[in-house]
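# Inside the fold
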Amino acid sequence: MSDIRNCPNVKELEAELTIAVKQVEIARRGFSEIINWSGDPSDGDPSLFSHETLQAMDKLAPEQKCQWTEDDTYSWDTGCGNRHLFSEAGPSENKHTFCPYCGKRIEVVK
């Protein structure tokens, strides 16, 4: 009988599981940031992840993008189903690299 751990499919599954576990750890960190929000508006928006959490999410899946499309003047529809409003210009001009809602790297769609 062969050892199942040497099966190529098992090795692929182990690699995917390792990534999934890391994603869960990052998600927990992000949710912790939201749950532990002080309630003070000057403390930031509780629905947005910290930059460190977003960078960690991006390292796990750099190929995943959130496509943003400009709807009106400075109003952007996100690929994850949200709407983001800037007081002027767009994501890159406002130093938005990651979607603050889903954590994926922003890809502007013209």
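Numbers given to residues run from 1 along each chain, matching the order in which its sequence is written. Per-residue local features are limited, in this predicted model, to residues with pLDDT of at least 70; the limit for side-chain atom pairs, both in listing and counting, is 80 or more; totals at the level of whole chains, interfaces and linings are taken over all residues. Processing note: side-chain calculations cover all non-hydrogen atoms of the structure and skip hydrogens and water entirely.

Bridge count between strand β1 (residues 65-72) and strand β4 (residues 105-109): five bridges; the pairing is parallel. Its bridge partner lying in β4, Thr69 is registered against Val109. Whether two strands pair depends on DSSP finding at least two bridges between them. Runs of H or I in DSSP of at least four residues are treated as helices and runs of E of at least two as strands, each being numbered from the N terminus. Across three bridges, the pairing between β1 and strand β2 (residues 75-77) is antiparallel. Bridge pairing links Asp72 to Ser75 in β2.

The next point concerns the sheet that holds β4. The strand order β3-β2-β1-β4 describes an open sheet built from four strands, whose pairing is mixed. Two strands lie at the open edges of the sheet, namely β3 (83-85) and β4, each paired on one side alone. Between one strand and the next, the sheet's axes are offset by a mean angle of 35°, whatever the strand orientation. Here β2 runs beside β3; their pairing, made up of three bridges, is antiparallel. For Trp76, the partnering residue across the bridge sits in β3 and is His84. Between N-to-C directions, angles span 0 to 180 degrees; the directions come from axes that are lines fitted to C-alpha atoms, helices contributing only their stretch in contact.

Grouped together as the largest cluster of nonpolar side chains are six residues: Cys66, Trp68, Trp76, Phe86, Cys99 and Ile106. Any two residues having at least one pair of non-hydrogen atoms within 4.5 Å are treated as being in contact. Setting aside chain neighbours within four positions, we find Ile106 in contact with Cys66, Trp68, Pro91, His96, Thr97, Phe98 and Cys99. Nine residue types can take part in a nonpolar core, namely buried Ala, Val, Leu, Ile, Met, Phe, Trp, Tyr and Cys, and a core is a set of them joined through side-chain atoms within 4.5 Å. Working definition: with a 1.4 Å probe on protein chains only, accessible area under 20% of the residue-type maximum means buried, over 50% means exposed, and in between means partly exposed.

Whenever a carboxyl oxygen of Asp or Glu lies within 4 Å of a side-chain nitrogen of Lys or Arg, that contact is scored as a salt bridge. Throughout the structure, instances matching the rule amount to two salt bridges. Where Asp71 meets Arg83, a salt bridge forms, and the shortest distance between an N and an O atom there is 2.7 Å. Taken together, the residues span a long stretch of sequence, with Asp71 in strand β1 and Arg83 in strand β3 at a distance of 12 residues. Taking the relative accessible area as the measure of exposure, Asp71 reaches 35% and is therefore partly exposed. When the shortest N-O distance is used, the salt bridge between Arg83 and Asp77 registers 2.9 Å. Overall, the relative accessible area of 28% leaves Asp77 in the partly exposed class.

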